[in-house]
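Here's the letter readout for the chains.
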Amino acid sequence: MNKTFGIKAICIAAALAILPAGAVLAQEKYPAPLIKMVTHSSPGGGSDVFLREMLPYLQHYLSPKLIVENVTGGSGAKAMSTVASSPTDGSWLYATTPTYIYTSLLSKPDASYKDMEPLVNVFYDPEVVYTSVDSKFQTLPDVIAAAKEGRGKWGAANPASLERQLLEQMKQKTGVNASIVTFEGGGDMQISVLNGTLDIGVGEIGEIRAQLDAGKIRMLAVLGDHRLSLFPDVKTAKEQGIDVAAVKFRGLAGPKNMSPAVIAAWEDAIPKLLEDPKYKKIYTENDLEPGFMKHDEYVSFINKFGDDTQAFLKASGVIK
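Because the structure is a prediction, the values reported are computed rather than measured. (Residues numbered from 1 in each chain as written. Predicted model: local features only at pLDDT ≥ 70, side-chain atom pairs only at ≥ 80, totals over all residues. Heavy atoms only, no water.)

Participant: I'm lost on the packing of aromatic side chains in this one. Help?
Facilitator: Remark: the centre distance and the inter-plane angle together describe each pair of aromatic rings, the angle taken between the planes. Overall, the coordinates contain 12 aromatic pairs when judged by the stated rule. For the ring pair Tyr100 and Tyr113, a centre distance of 6.1 Å and an interplane angle of 70 degrees mean the geometry is edge-to-face. One end of the pair, Tyr100, is in helix H5 (residues 98-107); the other, Tyr113, is in the loop between H5 and strand S4 (116-124), and 13 residues separate them in sequence. One exposure class covers both Tyr100 and Tyr113, and it is buried. (Phe/Tyr/Trp six-rings, centres within 6.5 Å; stacked < 30°, edge-to-face > 60°. Helix = DSSP H or I, 4+ residues; strand = E, 2+ residues; numbered from the N terminus. Buried < 20%, exposed > 50% of the residue type's maximum accessible area, 1.4 Å probe, protein only.)

Participant: When you look at the sheet that holds strand S11 (residues 289-293) in this model, what are you seeing that I'm missing?
Facilitator: The strands making up a sheet are joined through hydrogen bonds of the backbone, oriented either antiparallel or parallel. Strand order across the open sheet formed by 6 strands is S2-S1-S3-S10-S4-S11, with mixed pairing between neighbours. Two strands lie at the open edges of the sheet, namely strand S2 (65-70) and S11, each paired on one side alone. Across the sheet, the axes of successive neighbouring strands diverge by a mean angle of 25 degrees, strand direction being ignored. With 3 bridges connecting them, S4 and S11 associate as antiparallel partners. Among the inter-strand pairings, Tyr124 is bridged to a residue of S11, identified as Glu289. Where helix H10 (residues 260-275) meets the sheet, its contacts fall on strand S1 (34-39), strand S3 (92-96), S4, strand S10 (249-255) and S11, and the angle it forms with S4 comes to roughly 5 degrees. Each of S3, S4, S10 and S11 is contacted by helix H12 (residues 295-315), which is oriented at about 95 degrees to S4, the strand it contacts most. (Pairing = 2+ DSSP bridges. Axes fitted to C-alpha atoms, helices over the stretch in contact; angles between N-to-C directions. Contact = heavy atoms within 4.5 Å.)

Here you go:
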């Protein structure tokens with residue numbers, strides 16, 4: 001055997017031996033050296049916060065370098081088009097939420113959720129109604145009463161978001177005529193709530209956590225079926241007499257026909273990530289609920305969610 005080749009082989013074997021087993025496997029199998037994690041949110045929005053808090057910990061379980069790309073515009077339409085037309089090597093992935101389903105059904109973008117392939121789900125993310133601590137509103141019924149007397153101003157992350165649909169349902173169920181103002185991201189909306197331009201906003205704990213901890217935001221209701229573990233005194237909307245609730249998922253999708261190696265790498269990495277003690281502390285503080293789904297399960301989940309959402313929008317007269 002060539003002496004130089006033998007020395008190189010020994011060096012490579014030694015280097016691999018000191019790496020975690022998962023890292024060696026990922027390096028051998030993942031087809032791309034760089035993964036661009038795309039979000040339709042502007043900086044400070046829910047998906048942007050989700051990705052930026054997750055990536056430093058996720059990097060331990062995937063060998064490619066991970067970066068966040070904010071591709072705003074069209075309530076996710078531009079981001080979906082970017083990822084749907086990307087290579088199948090897992091180098092471009094999209095942070096999925098119900099927004100990409102609503103955008104697909106409401107605005108008929110060039111690329112819809114059906115033009116992408118669900119990869120895995122990571123979390124369920126509770127939605128909350130919040131206001132400025134300086135506002136006059138102490139409960140969600142206070143907000144509804146004010147909107148009945150005048151015309152409330154409520155904020156949602158973007159025009160085709162789950163948050164927008166929750167507020168539309170709230171209007172429908174309470175009979176108020178509030179104005180719903182939309183933004184390209186939750187961070188922008190939060191500013192308008194804090195300065196009193198909006199009565200309320202709808203968002204996630206991770207999105208509002210800094211202002212919540214600073215005592216500048218008051219939560220009025222949880223838009224889910226149960227109270228939050230970290231904020232047990234905040235009642236659900238249902239407990240306050242307003243029958244509105246939803247489940248917000250947070251996962252990943254890529255272009256159609258992704259490499260099996262990509263799918264396998266993510267199915268291996270996410271369970272490990274969710275068990276990472278340091279990251280668990282981060283996501284627990286944001287009341288994120290682990291909701292890992294493997295690829296096949298997530299594909300079925302997204303297809304059903306899309307069909308159910310389309311049926312709801314048709315029944316509501318929003319689409320034909």
